[in-house]
Each structure stands twice: as structure tokens, then as C-alpha cells.
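As a plain string of letters, each chain reads:
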Amino acid sequence: SGSPIQGLALNRAGIREMARLNWTDMDVSSWTRSIEGVAIATYAAKPADEARHLLALNVLLCAAPYQWLVTGLEPASDETIAAQLDLVAGTAVALGMLGTECGYMLSRGANGLHIASVILPNSQEEVSASGASAGIAMVGAIALAIVEREHDRLKERTQIDTFG
């Protein structure tokens with residue numbers, strides 16, 4: 001089955017609908033696919049889309065079926081994120097989602113493309129994403145880092161099961 005957010009628009013109505021979904025029934029695989037969907041959506045996002053992507057990522061972080069999936073991250077309530085977005089740039093909000101155990105790097109090329117790299121606790125390596133704004137690049141990198149960490153965990157578990 002597809003992701004519960006598949007087909008939901010990444011706009012205010014879609015984000016409100018995401019918050020109403022019954023996330024308690026969501027398994028790790030579906031949740032990870034939803035996070036991956038947010039990461040993929042950032043590649044075509046425009047700077048004006050930054051707040052919507054930050055809110056979508058935060059909704060999913062808050063709805064993680066297990067706390068260990070978001071180890072090292074600090075999601076906030078949707079109201080807090082919305083209030084922060086009214087006061088500070090999306091980049092600051094995205095950086096606020098990273099706990100002290102996370103590493104990150106931001107850069108901007110001469111052509112205006114932003115690149116973010118993130119490494120989460122218990123990850124083997126950092127991941128990078130690009131975006132039209134630093135906040136969008138951070139959303140993409142955080143989402144990809146979550147997906148990569150879960151992929152590594154499953155790979156390690158498979159090796160243990162296979163080789164004892």
C-alpha cells in the first residue's frame with residue numbers, strides 16, 4: 001500500500017489533513033515512505049514553498065510510530081513551527097529541528113543553489129540535498145538522513161539475521 005500522505009497536496013489544507021490522519025496505525029515502512037516523499041518534493045520546491053515543506057516534515061516527525069526513528073531530532077508542535085515561521089527564516093526553523101547530536105553543513109553556490117548536509121546520531125555517513133532555499137535544502141537533507149538511517153538499520157538487521 002502507498003503512503004498515507006500520497007496524493008495530499010503540500011499546502012495548508014493538505015498539511016491539516018496530514019495532522020488528522022490516524023498515525024498510530026502507521027507502520028515504520030509507511031512512515032519512512034512518507035518522509036521520503038517529503039524529501040523528493042523538495043527538489044522541485046520554490047523558495048515560497050519553504051514553510052509548507054517545513055510543516056509537512058514536522059507533522060511526520062511528530063507522528064513517528066517509534067521514538068527511535070527521530071533520535072537526535074527535535075520536532076515541535078505545528079503551532080510552534082507556524083509561530084516560528086512568522087518570526088524567523090525557514091532555515092532557522094529547520095536548524096531548530098536538529099538536536100545537539102546532529103551535524104550539519106550549509107552552503108550556497110554562485111548560481112544560488114543551496115546545499116545542506118546532515119548526519120544524524122547512529123548514522124554511518126552524512127547525506128546531502130539541494131534546494132532553492134537553505135530551508136528547503138535542510139528539509140530535504142533531514143528527510144533523506146532519516147530514510148538513510150532506517151535503510152542502514154534494516155541492512156544491519158538483515159546481516160545479523162543472515163550471518164548470526
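Above this text sits the structure in question.
Residues numbered from 1 in each chain as written. Predicted model: local features only at pLDDT ≥ 70, side-chain atom pairs only at ≥ 80, totals over all residues. Heavy atoms only, no water.

1. Quick notes on the sheet that holds strand E1 (residues 103-108)
- Read across the sheet, three strands follow the order E1-E2-E3 without closing on themselves; strand pairing throughout is antiparallel. Among the strands making up the open sheet, the edge pair consists of E1 and strand E3 (127-131). Looking at each pair of strands side by side, their axes are set apart by 15° on average, direction ignored.
- In this structure, strand E2 (residues 114-119) lies alongside E3, joined through five bridges in antiparallel fashion. From the neighbouring strand, Ala116 faces E3, where its bridge partner is Ala129. (Pairing = 2+ DSSP bridges. Helix = DSSP H or I, 4+ residues; strand = E, 2+ residues; numbered from the N terminus. Axes fitted to C-alpha atoms, helices over the stretch in contact; angles between N-to-C directions.)

2. Some thoughts on the nonpolar core
- The biggest cluster of nonpolar side chains holds 37 residues, and the ones touching the most others in it are Trp31, Ile35, Leu57, Leu73, Val118, Ile142 and Ile146.
- Contributing elements (two or more residues each) for this core: helix H2 (28-42), helix H3 (50-62), helix H4 (78-87), helix H5 (90-96), E2, E3 and helix H6 (134-163).
- No other element matches the nine residues that H6 contributes to this core.
- Leave out the neighbours within four places in its chain, and Val118 touches Leu98, Gly103, Tyr104, Glu126, Val127, Met138, Ala141, Ile142 and Ala145. (Core = buried A, V, L, I, M, F, W, Y, C linked by side-chain atoms within 4.5 Å. Buried < 20%, exposed > 50% of the residue type's maximum accessible area, 1.4 Å probe, protein only. Contact = heavy atoms within 4.5 Å.)

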